[in-house]
Amino acid sequence: MKKFGLTDQEVAESKAKYGDNSMTEQASESFWDKLKGNLGDPMIKILIVALLVNVVLAILGIAGVIKEGAPEWYEPVGIFIAIALATLVSTFSEYRNENAFQKLQEEASRIMCKVYRNGEITEVAINDIVTGDCVLLQAGDKIPADGILVDGDLKVDQSVLNGESREAKKVAAPEGWTDTDESLNFDNEVKVFRGSVVCSGNAVMEVTVVGDKSVYGKIASELQVDDDRETPLQVKLGKLAGAISKFGYIGGVAIAVAMLFVTVFIETGFDPASFFIGADGAFQWVATLQAVIEAVMLAVIIIVMAVPEGLPLMIAIVSAQNMGKMLKDNVLVRKVAGIETAGSLNILFSDKTGTITKGKLEAVLFIDGAVNESKTFEDVGGKLSDILALSIHENTLSLISGEGKDRKVLGGNATERAILGFAMNANSTAKVKAVGNIPFNSTNKYSATQVEGEYNLSLIKGAPEKILQRCSHYYDANGEKQTFDMSALNAKIDELANRAIRVLAIATSEDALGEDALPDSNNWTLVGVVGIRDEVRPESVTAIAEVHGAGVQVVMITGDRKETAVAIAKEAGLLTSDTDVVLTSDELAKMSDEEIKEKLRNIRVIARALPSDKSRLVRLAQELDLVAGMTGDGVNDSPALKKADVGFAMGGGTEVAKEASDIVILDDNFNSIDKAILYGRTIFNSIRKFIIFQLTINVAAVLISFVCPLLGMANPLSVIQILWVNLVMDTLAALAFGGEPALSRYMKEKPKHRSEPIVSKNMMSQIAVGAGWTFILSLFMLLGAEWLEKMGVIRMGGGDLEPHAYLHTAYFAFFIFIAVFNGFNARTEKINIFDNIKRNKGFLIVFGIIAVVQVIMAYVGGSILGGYGLVVSEWLLVLGMAITIIPVDLIRKAIAGAVSKK
């Protein structure tokens, strides 16, 4: 008996010399790293500038340098809270999901291996394996390191490394074998590689390379480099931030210059000298400095009002809310940006196996010698079903475990399990015993078992070309022998091949098995043929149709031969037009990048694909400015997953693939990718709705703050009131818009171009009309203050209150309530403002809370928020004016709808 393995001392020496089998973990961002990254958001940068200016002015005010007009201490505090909330919510939600992901990875890495140590087999954690260890490998095991076989033989699945779905044969190295092949050759029959899966056989491997130096480890190490390509939302928000900052800065400078002009020229009767030079002929430094400071303060107010402080917080909240929803739908979001990017996809490169298909072989039909087709074993019936059950159950290396619903097929290779699964619920009742057996091998392409007892037969199963030509008869439904003509059955087999169904023939012979040989006769009796395939998931067909309807091009990438790939693609709904292109990897390799770019829009299938093909296709799609997605599960998929705008890793895939991804599809189902796209679009639409809601407020506030000083009126809105709107009210509004349902109609929209502005023309019109109407009503209230007070609609201030205290209380309440009513306009493009409101009852609750809070603030806000209480007549004016924004926007929607139909 051969002895394998190391002693404890040899293990320690090997570990000291070569290290153990653990791999260097990909450096994950700490909480503070993520926070630092989020502080680089364009909107946050503008807020930081406003904060710094406010802090400087507030300090100058406290120091007495500025006598009047300096911001109160709570104004910079309010801006700081805006920055802190927005960045912390986003950082925390991403950090929490990353921790959840790392726990999944830790679970996946807790693999125990059967290792020979001190002459005995013991279980050792995969990370503790060292060079020189001998590991026992059996069917279903993952190979834990690179090495060579020293005993036994195996069939292994190396698809996670090379993308090829075929089983590779591995045999023990002969005595005295030395490794002269320094190239990476997966076809080397002696070498095995980490990450491969044992399909069948038993063997002992000697570990030659561990950890980061293994092929698996080298690929993982290459993924440490970050890709700095911006997400579509970052591009859009960057442009929006640029536009808003220009609007704010230009508006701020303009109002500062205008204020100085009014102070220096208008108020002096166009005698600027009287402003700068005092009665004593000296230059008036204090008056000049005060005028400049007041102008700068007004400019800062304009900038703060122009920036939607609540937008970064809203994006963080809506992303966090939807990350939770997606997890319930088996979609784990590792990177927040991955959600919205999924909604912007133009092209998706998808694996076939396990994503579009079920990922396991299944017997889908049985055809007897008369070409009668049965979808299930139960459909076979008669005496033929007994012979079929005998042939399947007695001639297999697989076995059935469990009872009832827990019954499952174990052992053997994928084909054996599929055939036994077909007859799993129909155990053979024949009293027989096996007296001879020929196991399947890839050379002979058959297996056989000789039984004696109630039946004295040789049961044969194998490739049709090996079996059918030796059959002179077939069993009919009653188990009677009939003369067999194989021409009709061969035609049927050819038809099945076009549907990606391969078949195995089952036959019997009354002759005994020879020594490792089938009965040498041509009078076998055909039982029938079983059709096997990796079935297309029924839900994938629906999901692919929906993704196509969303304007996303799906390209299936597979290692299968072209004919099989075409059959699967047709069934999945990927090939629907004569212009659709199917290419093999060889054909792709012969084409230049420019030739591929020209055809890319029509490519639907890549067959016999290599890992390098995936990365190349992603690169070319991105060069065309398309948002590209990639699905994958193997180590070989990882570079493409990393390079793609959004990488979808399969939950059952390798840890390396999941590390490289943005999103992990926990159930390995294309339908979940469809949901991820829908959620991404839902988030994008929610962000757009919120932008309409908040920019309408901000534009109206800027207009009011710009015009009032020019008309000689005090600015009715303070910085702290705007921060109250943008933080307290908009934080709650973010929760309301974040709860908007994922509507199926979003999947009928075309993908948004990567560089397309986030504010569309329709949004601009809605913001302009809403802000314009708010501005008009504001001017009516402010310019008509004396008339309103004279008519008794609004009370005059008195005592310790300034004269227009109640007017300013009513105006701030009006400003809040017109925003609340406009929220109903913003949440839907439909005329019916309550469209799908039942699916977001939180919207009504949140806006109800905002209304109640504002009513309370109207009484207790005091000097900070300008709240001195209102009476019934004042509330009627406030609410009556505010609600008019709903019919005004309904008219706009009706006009816009009529124009779009022309």
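Residues numbered from 1 in each chain as written. Predicted model: local features only at pLDDT ≥ 70, side-chain atom pairs only at ≥ 80, totals over all residues. Heavy atoms only, no water.

**Considerations on the overall build of the protein chain**
A tally of helices and strands in the protein chain yields 32 helices and 26 strands. Taken over 902 residues, the protein chain has a buried fraction of 54%. Within the protein chain, counting contacts between residues at least 6 apart in sequence, those at least 24 apart form 72% of the total. Carbon together with sulfur atoms contributes 57% to the accessible area of the protein chain, which is approximately 39400 Å² in total. (Helix = DSSP H or I, 4+ residues; strand = E, 2+ residues; numbered from the N terminus. Buried < 20%, exposed > 50% of the residue type's maximum accessible area, 1.4 Å probe, protein only. Contact = heavy atoms within 4.5 Å. Areas by Shrake-Rupley, 256 points an atom, 1.4 Å probe, with all protein chains shown as cover.)

**Concerning the packing of helix 28 (residues 805–826) against helix 31 (residues 872–882)**
The angle between the axes and the distance between the axes are what describe a pair of packed helices. Interaxial distance between helix 28 and helix 31 falls to 8 Å at its minimum, and their mutual angle equals 35°. As for the relative orientation of helix 28 and helix 31, their crossing is right-handed in sense. Residues Y806, A810, A813, F814, F817, I818 and F821 of helix 28 lie in contact with helix 31, whose contacting residues are E874, W875, V878, L879, M881 and A882. Residue classes in the contact of helix 28 with helix 31 are distributed as 12 nonpolar, no polar and 1 charged. (Axes fitted to C-alpha atoms, helices over the stretch in contact; angles between N-to-C directions. Left-handed = near helix turned anticlockwise from the far one by under 90°. Nonpolar A, V, L, I, M, F, W, Y, C, P; charged D, E, K, R; others polar.)

**Re the side chain of T774**
By secondary structure assignment, the location of T774 is in helix 26 (residues 761–783). For T774, the side chain forms a polar contact with the main-chain oxygen of G770, separated by 2.8 Å. (Polar contact = N/O pair within 3.5 Å; in protein donor to acceptor, adjacent residues only side chain to side chain.)

**Thoughts on the pairing of strand 9 (residues 347–351)**
The element strand 9 is largely enclosed, with a buried count of 5 among its 5 residues. Relative to strand 21 (residues 553–557), strand 9 runs parallel, the two sharing 5 bridges. Each bridged residue has a counterpart across the sheet, and for L348 the counterpart in strand 21 is V554. Relative to strand 24 (residues 628–632), strand 9 runs parallel, the two sharing 3 bridges. Bridge pairing links L348 to G629 in strand 24. (Pairing = 2+ DSSP bridges.)

**Focus: the packing of helix 11 (residues 336–343) against helix 24 (residues 670–710)**
Here helix 11 crosses helix 24 at 95°, and the two axes come no closer than 6 Å. If you check the angle between helix 11 and helix 24, you find them roughly perpendicular. Residues I339, E340, A342 and G343 of helix 11 lie in contact with helix 24, whose contacting residues are A676, I677, Y679, G680, R681 and I683. When the residues that make up the contact of helix 11 with helix 24 are grouped by side-chain class, the tally is 6 nonpolar, 2 polar and 2 charged. (Parallel < 35°, antiparallel > 145°, perpendicular 65-115°, else oblique.)

**Topic: helix 21 (residues 611–623)**
With 13 residues, helix 21 ought to run about 18 Å at 1.5 Å a step, and its terminal C-alpha atoms sit 19 Å apart, in line with that. Among the residues making up helix 21, those that are buried are D613, K614, R616, L617, V618, L620, A621 and Q622. Where helix 21 ends, the next residue or the one after it, D625, has phi of about 65°, a positive value. (Expected span 1.5 Å × (residues − 1).)

**A short note on the nonpolar core**
Formed by 124 residues in total, the largest nonpolar core has its most connected members in F648, I687 and F693. Element by element, the count of residues in this core is highest for helix 24, at 20 residues. Excluding anything up to four places from it in sequence, I687 contacts L233, L311, M314, I315, V318 and I758. By size, the runner-up hydrophobic cluster in this structure holds 30 residues, among which are L384, A389, F422 and I532. (Core = buried A, V, L, I, M, F, W, Y, C linked by side-chain atoms within 4.5 Å.)

**A short note on the environment of K841**
By secondary structure assignment, the location of K841 is in helix 29 (residues 841–860). On a C-alpha basis, the gap between K841 and E740 in space is 9.2 Å, while along the polypeptide they are 101 residues apart.

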